[in-house]
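# Coordinates in review
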Amino acid sequence: MSEEALRQQIQNLKKHNARLKRIAHDARNKLSAALDGTGLCLWQLDVPSGKLVIFNRRWGAMLGFQPKETRAQFEAWRECLHPDDADYVLKAFYDHIEGKAPYYEALHRMIGKNDKITWVLDRGRITEWDENGKPLKVTGTHIDMTKEKQYEAQLATLALHDPLTGLTNRHALQEQFALLKKQGSLCVVFIDLDNFKNVNDTLGHRSGDEVLIQLSQRMRDACPPDAVLGRLGGDEFILLLPFALEHPLVTRIAHACLDAALQPFELDNGSATIGASIGVAQAAKQDDFATALMHADQAMYRIKRNGKRGVALS
């Protein structure tokens, strides 16, 4: 082959190599764009060196980091694991590396820039072995699950709390009643508001809602941490107190809730004055929630019949 022909062949190879690099670069950009669009981060770990290859920018971005602000190393990833989740995550990873699990998968928290907490779903699988069958490369994905976890927490809150006041709802009150009753003495306090309908009729339902919200906060402030305050609905509230009826705190807390209702409420369109009729009953050993509630309700109606705005113990 002549020197000119050899030079031409080298030139052609260089052009072909440059073309392949452009195709590879274009393909990587398209892959990165496609993965970013789905929220996935594609990664590959070189097991012997601990080097991580990140195929798009989602991993650092989901933790609040700028490009090249974090080291692309297994140890850097490990350092970002939430301390409460780290043992579980690393066990899942090494179980796969050691052949104890067919793949690696873990839903966990990571700590990013400025202590930002991100929920991540990790998946991975060994994709290359050496001649002795030892893992060389692991390829997998990360996906940001923070919004899903927040939504899950919101659903859990809605399932157990009154949407207007944020207090414990009927379903959760029943669960708390059963739990507290197993632990010892328990009193049920039934709080029914007086003249609340007048607020709705004269100032409107929005003002009525604001009264309920303000009152809920007042009663929270009046109750000890181990009390459970809930709303049955409308203008009816329930308080679970882990004390016997003769305990001095029972009467004191019931009257504090009464005082909270009697104080005027300042609203955007005026002021409102209400009251409360409160009945207190100690749950008997055989009582379920409905029965204990009925006894407290009966005590409350003694106040209603005798002019309202008071506390009755049963």
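Okay, so let's go over this structure. (Residues numbered from 1 in each chain as written. Predicted model: local features only at pLDDT ≥ 70, side-chain atom pairs only at ≥ 80, totals over all residues. Heavy atoms only, no water.)

A few words now on the sheet that holds strand β2 (residues 51-54). Across the sheet, which stays open at both edges, the five strands sit in the order β2-β1-β5-β4-β3 with antiparallel pairing between neighbours. The open sheet has two free edges, formed respectively by β2 and β3 (104-111), since each of these has just one partner strand. Across the sheet, the mean angle separating the axes of adjacent strands is 30° when strand polarity is ignored. Here strand β1 (residues 40-46) runs beside strand β5 (residues 135-144); their pairing, made up of seven bridges, is antiparallel. From the neighbouring strand, Leu 40 faces β5, where its bridge partner is Ile 143. (Pairing = 2+ DSSP bridges. Helix = DSSP H or I, 4+ residues; strand = E, 2+ residues; numbered from the N terminus. Axes fitted to C-alpha atoms, helices over the stretch in contact; angles between N-to-C directions.)

You can see Gly 270 is positioned in strand β10 (residues 270-272). For Gly 270, a relative accessible area of 28% corresponds to the partly exposed category. For the pair Gly 270 and Leu 203, spaced 67 residues apart in sequence, the C-alpha separation works out to 7.6 Å. (Buried < 20%, exposed > 50% of the residue type's maximum accessible area, 1.4 Å probe, protein only.)

As a further point, take the packing of helix α7 (residues 196-203) against helix α8 (residues 205-222). Remark: α7 packs on α8, axes separated minimally by 7 Å, with the N-to-C direction vectors making an angle of 140°. Taken together, the axes of α7 and α8 are oblique relative to one another. Between α7 and α8, the residues in contact are Phe 196, Val 199, Asn 200 and Leu 203 and His 205, Ser 207, Gly 208, Val 211 and Leu 212, respectively. Its residues placed into classes, the contact of α7 with α8 shows five nonpolar, four polar and no charged. (Parallel < 35°, antiparallel > 145°, perpendicular 65-115°, else oblique. Contact = heavy atoms within 4.5 Å. Nonpolar A, V, L, I, M, F, W, Y, C, P; charged D, E, K, R; others polar.)

For the rest of this paragraph, the subject is the sheet that holds strand β8 (residues 236-241). In space, the five strands of this open sheet follow the order β7-β8-β6-β11-β12, with mixed pairing throughout. Across the chains shown, the open sheet's two edge strands, defined by having one partner strand only, are β7 (228-233) and β12 (310-313). For this sheet, the mean inter-axis angle between neighbouring strands, taken without regard to orientation, is 20°.

Quick look at the nonpolar core now. Of all hydrophobic cores here, the largest spans 34 residues; its most connected members are Ile 191, Leu 193, Leu 215, Leu 239, Leu 241, Ile 278 and Val 280. Those elements giving two or more residues to this core turn out to be β6 (187-194), α7, α8, β8, α9 (248-262), β9 (265-267) and β11 (275-282). Of all the elements, α9 adds the most residues to this core, at seven residues. Counting residues in each nonpolar core, the second largest holds 23 residues, with Cys 41, Cys 80, Leu 81 and Val 138 among its members. (Core = buried A, V, L, I, M, F, W, Y, C linked by side-chain atoms within 4.5 Å.)

Bringing the packing of aromatic side chains into the picture now. In total, this model carries seven aromatic pairs according to the counting rule given. Their ring planes at 45° and their centres at 5.2 Å tell us that Phe 74 and Trp 77 sit as a pair that is tilted. Taken together, the residues Phe 74 and Trp 77, both in helix α3 (residues 74-79) and three residues apart, mark about one turn of the helix. Judged by relative accessible area, Trp 77 falls into the buried class, the value being 5%. Centre to centre, the rings of Phe 74 and Phe 93 are 5.3 Å apart; their planes meet at 35°, and the pair counts as tilted. Here the residue Phe 74 occupies a position in helix α3, and Phe 93 occupies one in helix α4 (residues 86-97), the gap between them amounting to 19 residues. For Phe 74, a relative accessible area of 10% translates into the label buried. Residue class for Phe 93 comes out buried when judged on its relative accessible area of 5%. Aromatic rings pair up to connect Phe 74, Trp 77, Phe 93, Tyr 94 and Tyr 104 into one cluster. If you follow Lys 149 out to its NZ or CZ, it ends over the ring of Trp 119, 4.4 Å from the centre. The ring of Phe 265 has Arg 218 lying over it, and the distance from NZ or CZ to the ring centre is 3.8 Å. (Phe/Tyr/Trp six-rings, centres within 6.5 Å; stacked < 30°, edge-to-face > 60°. Lys NZ or Arg CZ within 6 Å of the ring centre and 35° of its normal.)

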